[in-house]
Amino acid sequence: METKKSSRKGDIIFSKYSPGDGIRKAVNFSREDILFEVKDSKLKGRGGAGFPVSTKWMLAAAAISDDKYVICNADEGEPGTFKDRVLLYEYPELVFEGMVIAGYTIGSEKGIVYLRGEYEHALKPLQDYLNVMREDHLLGKNILGIKNFNFDIEIFLGSSAYVCGEETALIESLEGHRGEARNRPPYPVNTGFRGKPTSVNNVETLCCIPHIVLKGGKWFAKFGTKTSTGTKLFSVSGDCDRPDVYELPWGITINDILEISGARNTKAVQVGGASGSCIPKSQFDRKLAYEDLSTGGSIIVFNESRNMLKVLKNFMEFFVEESCGQCTPCRIGNSKLLEGVNMIEKGEYTFTYLNKLKELGKTMQVASKCGLGQSSPNSFISILENFKDEIFIHNGGKNA
Ligand SMILES: Cc1cc2nc3c(=O)[nH]c(=O)nc-3n(C[C@H](O)[C@H](O)[C@H](O)COP(=O)(O)O)c2cc1C
Ligand code: SF4
């Protein structure tokens, strides 16, 4: 079975792989063996939150139910992120085999890909690839001729709401409801899709699995740092000569990424998309790793010509638009932060009021119901703190 060959290079995901090998190897293992390998790999979820995959899978495997679900989160709505799109187009075998192995491990027969609405163009090639896998007995009933090893995958097209990338809002949307986050607990591993145990994993997380099964968890853990094992896909965009998706070991610095992507005269780097942090030049030696700058992979480069207040305004408008409105800290808070940015733009602000807005941002981080409102103040706080000279020199205000 052939897939579109890519010239990309990397130690794990972009390394050589023969489609089907991951599943063929997995069936020689018990589900406990696979859980041990995944545990040894110390793989953490690549969707942003960094939750250990082995813990999630152990809980889902231990849940007692006739029906369980494996969901691949392909909603990829974080501004500046496009690595999952590359994986879906160029490495579908890794995505789908990762799901089959997840099903085998947790005892599920049903996989669902939640595909971002804007990626509708990927639907047909992905469905075609699923058919090829069915013909090769890598999907369907009695996979590889093994009795009762059943697993199939369907693809659900989302409707382009950022909040639907949050796993419980995603499940609500899959069930045909409005995409709004649920209270947690209960967690999806116990009460997920249709109230059944559900493991939700990011596209990139799933792509690591066939390689871990083939080469072992300890091999995987040799890459990266002690607490951030393996490699990471970084979507690099903005002011650089070579914007692209790069597979690099965790622990590299922002300076390394800027060099690889051909960035010059860089003033700021937004790490982790609009919901991440804006890092100034003085901190470009910081490491991209869970223990320092954690990220789902979005890296946006800004050179000296950029106006950081405009950058911030763009991010805050995005959050006002995308807040689902269910809880007050996020619904009102994001509008208030945007109002503050507009006040700075007009020079009609006081430092006392801006400090109050920063405090509001901190309250949103702890009081919002889901990760959207918990992380949306990050850029407001980091841009105001790290770029105050630029912002306040150009936008005079009352020093009260
Ligand atoms: C507002 C919001 C948007 C999110 N969008 C995505 C997304 O597009 N893709 C994704 O994998 N995870 C996204 N997440 C994280 C998911 O809730 C969840 O943690 C992830 O899918 C779990 O997979 P992982 O453990 O493999 O990372 C989002 C979270 C929030 C709060
Ligand atoms: S934090 Fe925002 S997106 Fe999340 S539930 Fe509250 S209003 Fe909705």
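For the structure, see preceding data.
Quick caveat, the model's predicted, so the values are computed rather than measured.

Cut-offs used in this document
Residues numbered from 1 in each chain as written. Chains lettered and ligands numbered in written order. Predicted model: local features only at pLDDT ≥ 70, side-chain atom pairs only at ≥ 80, totals over all residues. Heavy atoms only, no water. Helix = DSSP H or I, 4+ residues; strand = E, 2+ residues; numbered from the N terminus. Buried < 20%, exposed > 50% of the residue type's maximum accessible area, 1.4 Å probe, protein only. Contact = heavy atoms within 4.5 Å. Areas by Shrake-Rupley, 256 points an atom, 1.4 Å probe, with all protein chains shown as cover. Lys, Arg positive; Asp, Glu negative; His and termini not counted. Charge placed at Lys NZ, Arg CZ, Asp CG, Glu CD. Polar contact = N/O pair within 3.5 Å; in protein donor to acceptor, adjacent residues only side chain to side chain. Core = buried A, V, L, I, M, F, W, Y, C linked by side-chain atoms within 4.5 Å. Axes fitted to C-alpha atoms, helices over the stretch in contact; angles between N-to-C directions. Parallel < 35°, antiparallel > 145°, perpendicular 65-115°, else oblique. Left-handed = near helix turned anticlockwise from the far one by under 90°. Nonpolar A, V, L, I, M, F, W, Y, C, P; charged D, E, K, R; others polar. Pairing = 2+ DSSP bridges.

## Brief notes about the overall build of the protein chain
Phase 1 of the analysis: A count of helices and strands for the protein chain gives 16 helices and nine strands.
Phase 2 of the analysis: Buried residues in the protein chain amount to 56% of all 400 residues.
Phase 3 of the analysis: Contacts in the protein chain between residues at least 24 apart in sequence constitute 71% of all its contacts with a sequence separation of at least 6.
Phase 4 of the analysis: Carbon and sulfur atoms make up 50% of the accessible area of the protein chain, which totals about 17,000 Å².
Phase 5 of the analysis: Side chains of the protein chain give 50 positive and 50 negative charges; the mean places of these two sets differ by 3 Å.

## Here's the deal with helix H8 (residues 203–215)
Because the α-helix completes a turn every 3.6 residues, residues three or four places apart line up on one side.
Phase 1 of the analysis: Counting buried positions along H8 yields 11 of 13 residues, so the element is predominantly enclosed.
Phase 2 of the analysis: Among the residues of H8, Val203, Glu204, Thr205, Leu206, Cys207, Cys208, Ile209, Pro210, His211, Ile212 and Val213 are the ones counted as buried.
Phase 3 of the analysis: A side-chain oxygen of the first residue of H8 lies 2.8 Å from the backbone nitrogen of Glu204; this N-cap is Asn202.
Phase 4 of the analysis: Directly beyond the C-terminal end of H8, a positive phi value near 100° is found at Gly216.

## Some points on the nonpolar core
Phase 1 of the analysis: By size, the foremost hydrophobic cluster in this structure holds 59 residues, and its most contacted members are Ile13, Phe96 and Met99.
Phase 2 of the analysis: Per-element accounting of this core gives the leading share, eight residues, to helix H5 (residues 92–106).
Phase 3 of the analysis: When residues no more than four places from it in sequence are discounted, the contact partners of Ile13 are Leu87, Tyr91, Leu94, Glu204, Cys207, Cys208, His211, Leu233 and Glu247.
Phase 4 of the analysis: Counting residues in each nonpolar core, the second largest holds 46 residues, with Tyr69, Ala169, Leu338 and Tyr349 among its members.

## A short note on helix H4 (residues 83–90)
Phase 1 of the analysis: When you tally the buried positions in H4, you get six out of eight residues, the bulk of the element.
Phase 2 of the analysis: When we look at burial in H4, the residues that qualify are Lys83, Asp84, Val86, Leu87, Leu88 and Glu90.

## What to know about the packing of helix H2 (residues 31–41) against H5
Phase 1 of the analysis: Their axes nearest at 8 Å, the elements H2 and H5 cross at an angle of 120°. With respect to H5, the axis of H2 lies oblique. Judged by the twist between their axes, the crossing of H2 over H5 is left-handed. Note on element contacts: H5 touches H2 through Ile101, Tyr104, Thr105 and Ile106, opposite Arg31, Ile34 and Leu35.
Phase 2 of the analysis: Residues of the contact of H2 with H5, tallied by class, amount to five nonpolar, one polar and one charged.

## Examining the sheet that holds strand S8 (residues 277–280)
Sheet strands associate in pairs through backbone hydrogen bonding, adopting either a parallel or an antiparallel arrangement.
Phase 1 of the analysis: With mixed pairing, the five strands of this open sheet are ordered in space as S6-S5-S9-S7-S8. For this open sheet the edge positions go to strand S6 (244–249) and S8, each flanked by a neighbour on one side alone. Taken pair by pair, the neighbouring strands of this sheet meet at an average axis angle of 30°, ignoring direction.
Phase 2 of the analysis: As paired elements, strand S7 (residues 266–271) and S8 share four bridges and run antiparallel to each other. Across the sheet, the residue bridging to Val269 is Ile279, located in S8.
Phase 3 of the analysis: Of the strands in this sheet, S7, S8 and strand S9 (298–303) are in contact with helix H11 (residues 308–322), which crosses S9 at around 150°.
Phase 4 of the analysis: Contacting S7 and S8, helix H15 (residues 377–386) crosses the sheet at an angle of about 20° to S8.

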